[in-house]
Amino acid sequence: MKVAALIVAAGRGTRAGEGLPKQWRPLGTKRVIDHAIAAFRDKACQIVVVHHPDDAEFCCDLDDVVLVHGCSTRSASVRAGLDALAPDITHVLIHDAARALCPPHVIDDVIHALESHDGAAPGLAVTDALWTTSDGHVSGTAKRDGLFRAQTPQGFALPAITAAHAAFDGEAADDVEVARAAGIEVAITKGAEENFKITHADDFTRATAHLQRGKDAMKIRIGNGYDVHRFGPGDHLWLCGVKIPFGRTLQGHSDADVGMHALSDAIYGALAMGDIGQHFPPSDPQWKGAQSHIFLRHAIELARDNGYSLANCDVTLVCEQPKIGPHAAAMRQALADIMGVDVADVSVKATTSEKLGFTGREEGIAALATAALVGGQDG
Ligand SMILES: Nc1ccn([C@@H]2O[C@H](COP(=O)(O)OP(=O)(O)OP(=O)(O)O)[C@@H](O)[C@H]2O)c(=O)n1
Ligand SMILES: C[C@](O)(CO)[C@H](O)COP(=O)(O)O
C-alpha cells in the first residue's frame, strides 16, 4: 500500500467569523493547518494540500507538501487534489484541514481497514436524543439508532475514488457520499471526539482547551511481559506473527505465539489492566487454537481507548532454535501491521541461553517484551 494524504484547505471558513480563514489561524504553538499536516507526517508517503489561490502567501512555509489550487466547492477541491497525486499512490486519505486534532489511532484504523475495503472512514455513533424542530420549538423526535457523525480522514483505493468523483454529478456532503454513489462499500472505523471540525469561532476555545488538557495529561507508561511455551511434535511454529517451518511446534491453548503473547502482556501491563489470561481465559473453549493477533490487537485497542498510543516496543525471544535473525524483519513488520504502528517503533531480537536451563535444553521458547505507551497531544 502506498498511502497519500489529501488535505482540503481551500474553504473560506465563513462560519468561523471574520479574520483569516480558520485553517490559517493559530491554535496552540502552530496554525490549524500545521496540526492537520503533522498528523499525517509519518502515515503518508505524499501529502497534498489544496488551498485557495488567494491564500498562496500562507503556504510559503509548508515544507514537503504538494500545493494545489482549490475550487469553489469542497468536492471540486478534492478532485483538484486527486489529480495531483503521484502515479504510484494506491490509497488516499482525504482530510479536512479544519479537523486539526486528529489522533494517530483514527488514521491508523482507517489505513488498516483499507487493507480489506475500498473505502473506510471514521465515525461516532450518535448518543444524544434527536429532535425535529419548527420555529425554535421541538416538533418531534427522530430515531438515533444506526446514526453516525461522519469524520475525516476518509480513505479509499485511489482508482475507485478517482472514478467515483469523475462520475459524480452535483454537491456531496463528503467523499463517502461520492464513493457510495459509485457502489463503493465504506467501512466505519472508530472516530474520536477531539477529531471535531473547527467550524464556528468558539470551536477554537474547545480546541485550545483540548490541547492544554493533552499537555497536562501527557503521560508515559511502561509495561513488561514474559511468556513460555513448550515444544511438542509438529512441523512449524508461529513467532511474532510469522509462520516458521520447523521440526517441532510450540504447544498452547492458542497458536502459542510466545513472542506475541509477551508483547500483548507488556501492553496490558503498561495499562495496569491485567494480562491475556484475564481477557481471554484459557478455560474458554472459543480461544482454543486462536490466532494470537486477536490478543495483540485487543491490547493495542484497549490502549487507544484509554488515550494511549504505542511509543515503541521491544521483544526478545530466548531459544537455541529456530534461528530468529532471518525472520526478524518479517516479525517486526507483522507486529507493526497488527498494531497499526510504524515498523521503526517495533524491535524483535533473540538470544540463546548458552545451552543452560529449559531453553538451553531446547524444551521450549521463552519471550520477554517491553512496551512504552504515550498519552497526550502535541501542542
Ligand atoms: N471549496 C472548498 C470548501 C471547503 N474546503 C475545505 O473542506 C473542509 C471542510 O469544510 P468546512 O468546514 O465547511 O470549511 P469552510 O468551507 O471553510 O467553512 P464555511 O462553510 O464556514 O465557510 C475545510 O478544511 C475546508 O477548507 C475546500 O477545500 N474547498
Ligand atoms: C467532510 C465532513 O467533514 C464530514 O463530516 C463535512 O461534511 C465537511 O464539512 P461541511 O461543514 O459539511 O461543509
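Residues numbered from 1 in each chain as written. Chains lettered and ligands numbered in written order. Predicted model: local features only at pLDDT ≥ 70, side-chain atom pairs only at ≥ 80, totals over all residues. Heavy atoms only, no water.

Asks: Would you mind showing me how to read the site of ligand 1 here?
Replies: Surveying the vicinity of ligand 1 reveals 19 residues, the closest of which are Val8, Gly13, Thr14, Lys22 and Ser77. Between ligand 1 and serine 77, the relevant distance is 2.8 Å, taken from a nitrogen atom to a side-chain nitrogen or oxygen of the residue. The side chain of lysine 197 places a nitrogen or oxygen atom 2.8 Å from an oxygen atom of ligand 1. Contact with the protein chains covers 87% of the free accessible surface of ligand 1, which is 560 Å². Going through the elements one at a time, strand S1 (3-9) and helix H2 (74-83) are the ones with two or more residues in the shell around ligand 1. Across the shell around ligand 1, the residue classes tally to 6 nonpolar, 7 polar and 6 charged. (Near = heavy atom within 4 Å. Polar contact = N/O pair within 3.5 Å; in protein donor to acceptor, adjacent residues only side chain to side chain. Areas by Shrake-Rupley, 256 points an atom, 1.4 Å probe, with all protein chains shown as cover. Helix = DSSP H or I, 4+ residues; strand = E, 2+ residues; numbered from the N terminus. Nonpolar A, V, L, I, M, F, W, Y, C, P; charged D, E, K, R; others polar.)

Asks: Would you mind showing me how to read the sheet that holds strand S19 (residues 364-375) here?
Replies: Pairing between the strands of a sheet comes from backbone hydrogen bonds, and it takes one of two forms, parallel or antiparallel. With respect to topology, 5 strands assemble into an open sheet ordered S16-S13-S19-S17-S18, the strand pairing being mixed. Either end of the sheet is taken by a strand with one partner, and the two such strands are strand S16 (248-250) and strand S18 (346-351). Neighbouring strand axes in the sheet, compared pairwise and without regard to direction, differ in orientation by 20 degrees on average. Sheet topology places strand S13 (residues 219-233) next to S19; 12 bridges connect them, and they run antiparallel. (Pairing = 2+ DSSP bridges. Axes fitted to C-alpha atoms, helices over the stretch in contact; angles between N-to-C directions.)

Asks: Help me understand the environment of arginine 144, please; the structure alone is not making it clear to me.
Replies: Looking at the element boundaries, arginine 144 is found in the loop between strand S9 (137-142) and strand S10 (148-150). Sequence separation of arginine 144 and aspartate 128 is 16 residues, and the distance between their C-alpha atoms is 7.8 Å.

Asks: How should I be thinking about the packing of aromatic side chains in this particular structure?
Replies: A ring pair, where both rings are aromatic, is described by two values, the distance of the centres and the angle of the planes. The full count for this structure, using the stated rule, is 4 aromatic pairs. A ring pair is formed by phenylalanine 280 and phenylalanine 295, whose centres lie 4.7 Å apart and whose planes are at 50 degrees; its orientation type is tilted. One end of the pair, phenylalanine 280, is in the loop between helix H8 (276-279) and helix H9 (293-305); the other, phenylalanine 295, is in helix H9, and 15 residues separate them in sequence. Each member of the pair, phenylalanine 280 as well as phenylalanine 295, carries the same accessibility label: buried. Here arginine 248 stacks its cationic end above the ring of phenylalanine 231, 4.3 Å away from the centre of that ring. (Phe/Tyr/Trp six-rings, centres within 6.5 Å; stacked < 30°, edge-to-face > 60°. Buried < 20%, exposed > 50% of the residue type's maximum accessible area, 1.4 Å probe, protein only. Lys NZ or Arg CZ within 6 Å of the ring centre and 35° of its normal.)

Asks: Would you explain the state of the cysteines in this entry?
Replies: Put plainly, two cysteines are in a disulfide when a covalent bond ties their sulfur atoms together. Within the structure shown, the criterion is met by 0 disulfides. No disulfide involves cysteine 60; its nearest neighbouring cysteine sulfur is the one of cysteine 59, lying 7.2 Å away. We classify cysteine 60 as exposed; its relative accessible area is 65%. (Disulfide = S-S within 2.5 Å.)

Asks: Is there a simple way to think about the pattern of salt bridges in this case?
Replies: If charged atoms from side chains of opposite charge come close, those side chains can pair. Within the structure shown, the criterion is met by 15 salt bridges. With a closest N to O distance of 3.1 Å, aspartate 96 and arginine 99 form a salt bridge. Residue aspartate 96 is classed as buried on the basis of its relative accessible area, which comes to 9%. Assessed through its relative accessible area of 8%, arginine 99 is described here as buried. (Salt bridge = Lys/Arg side-chain N within 4 Å of Asp/Glu carboxyl O.)

Asks: Just checking my understanding: could you explain unusual backbone geometry for this structure?
Replies: Note: most residues except glycine have negative phi, and most peptide bonds are trans. Between threonine 152 and proline 153 the backbone carries a cis peptide bond, its omega angle lying at 15 degrees. Position of proline 153 relative to the elements: it lies in the loop between S10 and strand S11 (154-157). We note that glutamate 354 has phi near 55 degrees; this positive angle belongs to a residue other than glycine. Take glutamate 354: it is sitting in the loop between S18 and helix H11 (357-360). Classification of glutamate 354 by relative accessible area gives exposed; the value is 64%.

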